[in-house]
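So you can see what is in the structure, the chains are spelled out below.
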Amino acid sequence: MTIHGSDFHHFAGDTSAFRMFEGSVEHIGPLGSAASNVRGKIVVARPSPTVRLDSGAVLLEAQGARALIVVAPDSARYVDLRNARGPYRYAVSARTGGAADRRMPVLVASPRAGAQLEKATA
């Protein structure tokens, strides 16, 4: 499955997080929900009111997830997230700590992309 470039935004990570990925999809509900086995899988989650995206991604990366896609709850919120991050993505080779060091791809997806994922993996 291919998602159009305007329907997702790379969240953060080091240079190895800016890469193509593929694998089976595991829908977990809100970020931070219990997931039985995410090793090697692309995890699709909704935002959580209690778990920050960064901390949820760290947990999933430690559990061996291949990538994380967080589906924005509505189009307005998705546009806000894209605009807040700006039009450019960059990475540094030095380890700085935090989200900039993440090696797992983390994407924020539009509601339209989320619907495509649901349909393709149902």
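Residue indices begin from 1 for each chain and proceed along its sequence in written order. Note on the predicted model: pLDDT of at least 70 is required for a residue's local features to be given, and 80 or more for side-chain atom pairs to be given and counted; whole-chain, interface and lining totals, by contrast, use all residues. Based on all heavy atoms of the structure, the side-chain values leave hydrogens and waters out of the count.

### So, the pairing of strand β4 (residues 67-71)
Then step 1. Here's how the labels work: a residue is buried when its accessible area is under 20% of the maximum for its type, exposed when over 50%, partly exposed in between, all with a 1.4 Å probe on protein chains only. Numbered from the N terminus, helices here are DSSP runs of H or I no shorter than four residues, and strands are runs of E no shorter than two. Among the five residues in β4, five count as buried, and that is most of the element.
Then step 2. Two strands pair under a simple rule: DSSP has to find at least two bridges between them. Sheet analysis places strand β3 (residues 42-46) next to β4, joined by four bridges and oriented parallel. Bridge pairing in β4 places Ile42 opposite Ala67.
Then step 3. Look down the strands so they point away from you; if the path from the first strand over the helix to the second goes clockwise, the crossover is right-handed. Chirality of the crossover, the property in question, places the unit of β3, helix α1 (residues 53-62) and β4 among those that are right-handed.
Then step 4. Examined bridge by bridge, β4 and strand β5 (residues 106-109) share four bridges and lie parallel to one another. Across the sheet, residue Val71 finds its bridge partner in β5, namely Ala109.

### Section: the environment of Ile42
Then step 1. Summarising the element assignment, Ile42 is placed in strand β3.
Then step 2. Once the C-alpha coordinates of Ile42 and Leu60 are considered, the two residues, 18 residues apart in sequence, prove to be 9.9 Å apart.
Then step 3. Sequence-distant contacts of Ile42, defined by excluding residues within four places in its chain, comprise Phe21, Glu22, Gly23, Ser24, Val25, Glu26, Ala67 and Ile69. Working rule for contacts: check all heavy atoms of both residues, and any pair within 4.5 Å makes them a contact.

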